[in-house]
Amino acid sequence: MEYDDDLNKVIERIRSIRIEKKVSQFELAVRANFSQSFLANVESGKKKPSVMTIIRIAKALDINPREFFPETFPQKTKADIKKEIIALVESL
């Protein structure tokens, strides 16, 4: 499922940024007010992080949460959405 692939990319970015900043899981958990086991489960994909979890992790790493979202995510423009709507209407 595409959603799961995108979420896995975000989770991987969380882990890689944490490692780049030389922050242990324990230290990040303390900064974000999570248990270390919760953070480990997020990083391993066992738990899906909520938006607030992502924001708290970003604040704890002193970064903008947007840094977790790869620019390779498909971005739909208004024109793309309009084309999809027209195609959908025409198929009725």
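I will try to describe carefully the structure that is included in this document.

A separate point is the packing of helix 2 (residues 25-32) against helix 4 (residues 51-60). At a minimum axis distance of 8 Å, the contact between helix 2 and helix 4 shows a crossing angle of 110 degrees. With respect to their mutual orientation, helix 2 and helix 4 come out roughly perpendicular. Contact residues: Leu-28, Arg-31 and Ala-32 in helix 2; Arg-56, Ile-57 and Ala-60 in helix 4. Its residues assigned to classes, the contact of helix 2 with helix 4 shows four nonpolar, no polar and two charged.

We now examine the pattern of salt bridges. Taken as a whole and judged by the stated rule, the model has two salt bridges. One salt bridge in this structure joins Glu-43 and Arg-18, with 2.6 Å as the shortest N-O distance. Pair noted here: Glu-43 is in helix 3 (residues 36-44) and Arg-18 is in helix 1 (residues 2-20), with a separation of 25 residues, a long-range link. With a relative accessible area of 8%, Arg-18 lands in the buried category. Two residues, Glu-27 and Arg-31, come together in a salt bridge whose shortest N-O distance is 2.5 Å. Placement of the pair is Glu-27 and Arg-31 together in helix 2, with a separation of four residues, close to one helical turn.

The next point concerns the side chain of Glu-43. Residue class for Glu-43 comes out buried when judged on its relative accessible area of 11%. Within the structure, Glu-43 has its side chain in polar contact with the side chain of Gln-25 (distance 2.8 Å). Aside from chain neighbours lying at most four places away, what touches Glu-43 is Ile-11, Ile-14, Arg-15, Arg-18 and Gln-25.

This next bit is on the side chain of Thr-53. Mapped onto the fold, Thr-53 is located in helix 4. Ignoring anything within four residues of it in the chain, the contact list for Thr-53 reads Phe-34 and Phe-38.

Rules behind the numbers
Residues numbered from 1 in each chain as written. Predicted model: local features only at pLDDT ≥ 70, side-chain atom pairs only at ≥ 80, totals over all residues. Heavy atoms only, no water. Axes fitted to C-alpha atoms, helices over the stretch in contact; angles between N-to-C directions. Helix = DSSP H or I, 4+ residues; strand = E, 2+ residues; numbered from the N terminus. Parallel < 35°, antiparallel > 145°, perpendicular 65-115°, else oblique. Contact = heavy atoms within 4.5 Å. Nonpolar A, V, L, I, M, F, W, Y, C, P; charged D, E, K, R; others polar. Salt bridge = Lys/Arg side-chain N within 4 Å of Asp/Glu carboxyl O. Buried < 20%, exposed > 50% of the residue type's maximum accessible area, 1.4 Å probe, protein only. Polar contact = N/O pair within 3.5 Å; in protein donor to acceptor, adjacent residues only side chain to side chain.

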